[in-house]
Amino acid sequence: MYFAVAVCDIEGFRVLGRLPLRSRWPHLRIQPLLPADQLNAALEQLPAHVRPIVRNPTSSPTASVILASPLLAHITLPEGLPVVTAEDIDAAYQRWMHEHYLPMHRSVLSHFPDSLVPPRPEPEHLRVEIVGSCVAESFAASIPWIAAQVDIAAEVNLVTHNHPVPVCRSHPDPDLQIVIPPFRYMHPGRTTNFFWWERSEDRFLECAEHMNSYLDEVAKGLPARYRFVTNFLEPLFNPLGSEIEDDSLGNFKVFVARLNERLASWCASHENTFMVDADALAASVGHFHTDDGISAFFSHRGVLTPNDDPILQIRGIENPYPMAASFAVNPLAWYAALFCHVLQRRTTLLATDPVKLVITDLDGTLWRGVIAEHTPDQDFGLWEAEPFAYAEALQILRRRGILLAIASKNDEAFVRAHWDEFKSRGSDPVALESDLSLDDFVMAKISFRPKSESVREILAATNISAANTVFIDDNPLEREEVQAAFPEIRTLGAEMHYLRRELLWSPYTQRSSLTKEDAERTALTRRRISFHQVSSSADGGAGYLATLRLELRAGAVADPGTPEVERCLQLINKTNQWTINGRRLDRPTLERRLAAGQLALFGEVRDIHGSHGIVVAGLLDPAERILTHLVVSCRVIGMGIDEAFAATLCDVFGELRVEAEATERNSAAQAFLARHAPDGILASVPCPSHVTVIDVGLPDRSRQAAAAAPPPALPVG
């Protein structure tokens, strides 16, 4: 959600352009209210790094305030819309934070950390399909409002589906589908009595079979690119009594838990289908706000709502106390948690704008206080709580394969000398001994230069773009200085309590899978940086390359269950610089292509220091000799690995047609193709002498050569 400042004249843009908008008020957006022919002139009044937060004039969010202007005398304003001057913006923003943003993010939007969402000019349009019964109906009705809070324009279609019978849709295919199986209909017989203890095993198998049939019909009749299926809310305790210990299926709590396990298995066996732990989401917002087991029969397994009030009135039952007064009814909290959770997972699966590098400040960020003011007789703040939690979050990001770096204004020698001392400070007699080491950071730029210079050097050394980088600093002036130098970089630090939530649960720091290369990325990148420092020598690093004794282990696989394919998929979906076309690939599409005879190509690189992991990935149609995907990790750019791999492909498969396409960021691949495939045909590439190629699973060369050879000419006469 955003604090939208409406501006109706060019002078207003000029005034805003002089303010630290992005660092001081990170959730502020500018909503133009001027003619389209004046918009370009208005944008020129803003610094380049502020322009991304300007919304399209066609989008129509509700403005929070409007900037004062003489033109307001001729404009009919919405009733109650505050008019503010530039001096009033901070007070209005803080009021909005306390009255709107913070209350929403500690309740219905607690599952949607949004500070790393890249600015966009208008809401994302999303077609959402909801499948199920009464809970699905209430959920679908709530989605447009929830979506609007997270800058999404949702078109919602409800498919009421209770039984395992054929179903079809009459609306366009959705961008995502959410299935909420109605528990009460998950048995072919009686739907309200699951307490036949003498035959609970039979009852369970009947339910599991019926549930699978129900879901099979949904999958058959309602195909979806992304399908999310909720599990069932588990009762809080055994209905026979909370002190009755019973692990059998006669315990309804166990019954539901086991059925959830069957549902998870069904989801795992269907492509593009993901189970949503709705029970855990209910627990996160409070079961007593959501589980209707306190008012409805147990097998309903629905969400607590006030819907029973009119039923009681119709029946003439005297009940002066409505549901909302009798119970802590808050179904919206669960609906919002569910929808936001699905949105987050979809973003992670799409791998859009992922975070690859986090650059952190030290003083006031990684630890409390200023390290230069530390003396031996003075405790340097407390390490417990947020500092320790922040350090732990950084360690988790490193395990996900996200690089860490430091940009700090400090005395580098002092920081390095005292690192182990101040990182373990705590109020306990026994220090917490955080294991965060300087070696966990791929680079540490510690000096008194402008931080934008440190950030520039880190980005250049790691070969990661600003758009895939997060800069964290508690000082708004530092954030603004870095943001001005790198408009696409994302910054954190305005809300220090949210740091851990953003880093751990933002979909942009999540990964859909983890590989061995992720765990080793920091060490591998440090080695690559060392290589490039040497390669800038007079001989261009050729002598150094020869001493590395580089080995390229090239292979091809068709089995989608191998770790090589998993890494290929990850590399194809995250590489932006050395990629022949920038195309992404989802797992079902890859599996279909492999089943049709295509090959996943991979290349692992090793040197005298160890393995760099799989750093080359591609997809090849050997029958048509078409290379549809080829990417090379930035870790090995400049080492001749791209040419060695291409030479190997030509040697094995012959001439290959390359589906090349220029993007804004694949200049490295464009330069390679201009040298070796200017006409789109990869035919002959010399293999660098310092790279030894080892075949670890490529097809037989003789058979491929025969397949590539032209057919013999027919005899004449």
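Not measured: the values here are computed from a predicted model.

### Re the overall build of the chain
Helix and strand content of the chain: 24 helices and 21 strands. The buried share of the chain, reckoned over its 717 residues, is 52%. Put simply, of all contacts in the chain between residues at least 6 apart along the chain, 75% involve residues at least 24 apart. Entry remark: accessible area of the chain is about 31,600 Å², with carbon and sulfur atoms responsible for 54%.

### Some remarks on the pattern of salt bridges
In the structure shown here, the tally under the stated rule is 31 salt bridges. We note a salt bridge from D151 to R120, for which the minimum N-O separation is 3.3 Å. Here D151 is found in the loop between α5 (134-149) and β6 (152-160), whereas its partner R120 is found in the loop between α4 (89-105) and β5 (124-132), with 31 residues between them in sequence. Owing to a relative accessible area of 7%, D151 belongs among the buried residues under this scheme.

### Details of the packing of aromatic side chains
Within this structure, the stated rule accounts for 13 aromatic pairs. Judged by centre distance (5.1 Å) and plane angle (55 degrees), the rings of W578 and F672 are tilted. Of this pair, W578 sits in the loop between α20 (563-572) and α21 (587-595) while F672 sits in helix α23 (residues 667-676), placing them 94 residues apart in sequence. Under the relative-accessibility criterion, F672 is labelled buried at 2%. Here the aromatic residues F183, F204, F232, F252 and F255 are joined through ring pairs into a cluster of three or more. When the ring centre of Y508 is taken as reference, the NZ or CZ atom of R490 above it lies at 5.3 Å.

### Thoughts on the pairing of strand β2 (residues 28-32)
Within β2, five of the five residues are buried, which leaves the element mostly enclosed by the surrounding structure. Bridge count between strand β1 (residues 3-7) and β2: five bridges; the pairing is parallel. Within β2, the residue paired with A6 across the bridge is Q31.

### Remarks on the sheet that holds strand β20 (residues 681-682)
Sheet architecture is open: seven strands sit in the order β20-β19-β18-β17-β16-β15-β21, paired in mixed fashion. Each end of this open sheet is capped by a strand with a single partner; those strands are β20 and β21 (691-695). Bridge count for strand β15 (residues 550-557) against β21 is five bridges, and the pairing is parallel. Bridge assignment links A554 to a residue of β21, and that residue is D695. Packed on one face of the sheet, helix α22 (residues 641-653) meets β15, β16 (599-607), β17 (610-621), β18 (626-632), β19 (656-658), β20 and β21 and runs near 135 degrees to β16.

### Considering the sheet that holds strand β12 (residues 443-447)
With respect to topology, five strands assemble into an open sheet ordered β12-β11-β10-β13-β14, the strand pairing being parallel. Strand pairing shows two members of the sheet lacking a second neighbour, β12 and β14 (490-492), which therefore form its edges. Across the sheet, the mean angle separating the axes of adjacent strands is 20 degrees when strand polarity is ignored.

### Side note on the nonpolar core
Generally speaking, soluble globular proteins have nonpolar side chains that are buried together. L16, L21, L28, I30, F139, W334 and F339 are the most contacted members of the largest nonpolar core, which totals 68 residues. The element contributing the most residues to this core is helix α12 (residues 331-350), with 10 residues. Residues in contact with L28, not counting those within four places in the same chain, are F3, V5, L21, I53, I89 and Y93. In this structure, L552, W578, V616 and V636 belong to the second largest nonpolar core, which totals 39 residues.

### As for unusual backbone geometry
Even without being a glycine, N463 presents a positive backbone phi close to 60 degrees. Counting through the fold element by element, N463 comes out in the loop between α15 (451-462) and β13 (469-472). One non-glycine residue with positive phi stands out, namely R625, at about 55 degrees. Its place among the elements puts R625 in the loop between β17 and β18.

### Looking at the layout of surface pockets
One number sums up the size of the second largest pocket: a volume of about 700 Å³. Around the second largest pocket, the lining is made up of 32 residues, and of these T348, L349, S512, L569 and N573 lie nearest the centre. When residues in the lining of the second largest pocket are grouped by element, the largest group, four residues, is from α12. In terms of residue class, the lining of the second largest pocket is built from 12 nonpolar, 11 polar and nine charged.

### A short note on α12
Taking 1.5 Å per residue as the helical rise, α12 with its 20 residues ought to reach 28 Å, and the 29 Å between its terminal C-alpha atoms agrees with that figure. Burial within α12 is extensive, with 15 of its 20 residues counted as buried. One or two residues past the end of α12 sits A351, with phi positive at roughly 55 degrees.

### Let's talk about a nonpolar patch on the surface
Taken together, the side chains of L236, F237, F288 and I294 present a nonpolar region at the surface, about 380 Å² in accessible area. Considering the arrangement of structural elements, one finds F237 in the loop between β8 (227-230) and α7 (252-268).

### Examining α4
Helix geometry: α4 is bent most strongly at M97, by close to 45 degrees. Looking only at α4, the buried set comprises I89, A92, Y93, W96, M97, Y101, M104 and H105.

### Describing the environment of V616
Among the structural elements, V616 can be located in strand β17. According to the relative accessible area criterion, V616 is buried, its value standing at 1%. Along the sequence, V616 and W578 sit 38 residues apart, while their C-alpha atoms lie 9.7 Å from each other. Non-local contacts of V616, meaning those with residues more than four positions away in its chain, are made with L571, L601, F602, G603, L630, V631, V632, I641 and F645.

### Regarding the packing of α20 against α21
Contact geometry of α20 with α21 gives a least axis separation of 11 Å together with a crossing angle of 125 degrees. Considering the angle they form, α20 stands oblique to α21. The handedness of the crossing between α20 and α21 comes out as right-handed. Counting all contacts with α20, which are made through V565, E566 and L569, the residues of α21 involved are R587, L590 and L594.

Thresholds applied
Residues numbered from 1 in each chain as written. Predicted model: local features only at pLDDT ≥ 70, side-chain atom pairs only at ≥ 80, totals over all residues. Heavy atoms only, no water. Helix = DSSP H or I, 4+ residues; strand = E, 2+ residues; numbered from the N terminus. Buried < 20%, exposed > 50% of the residue type's maximum accessible area, 1.4 Å probe, protein only. Contact = heavy atoms within 4.5 Å. Areas by Shrake-Rupley, 256 points an atom, 1.4 Å probe, with all protein chains shown as cover. Salt bridge = Lys/Arg side-chain N within 4 Å of Asp/Glu carboxyl O. Phe/Tyr/Trp six-rings, centres within 6.5 Å; stacked < 30°, edge-to-face > 60°. Lys NZ or Arg CZ within 6 Å of the ring centre and 35° of its normal. Pairing = 2+ DSSP bridges. Axes fitted to C-alpha atoms, helices over the stretch in contact; angles between N-to-C directions. Core = buried A, V, L, I, M, F, W, Y, C linked by side-chain atoms within 4.5 Å. 1 Å grid on protein atoms, 1.4 Å probe; cavity = no way out; pocket = protein on both sides within 12 Å on 5 of 7 lines; lining within 4 Å. Points joined across faces, edges and corners; volume = space filled by probe spheres on them. Nonpolar A, V, L, I, M, F, W, Y, C, P; charged D, E, K, R; others polar. Expected span 1.5 Å × (residues − 1). Patch = residues over 30% accessible without salt bridge, like charges linked within 9 Å, V, L, I, M, F, W, Y side chains within 5 Å. Bend = angle between axes of the 7 residues up to and from the residue. Parallel < 35°, antiparallel > 145°, perpendicular 65-115°, else oblique. Left-handed = near helix turned anticlockwise from the far one by under 90°.

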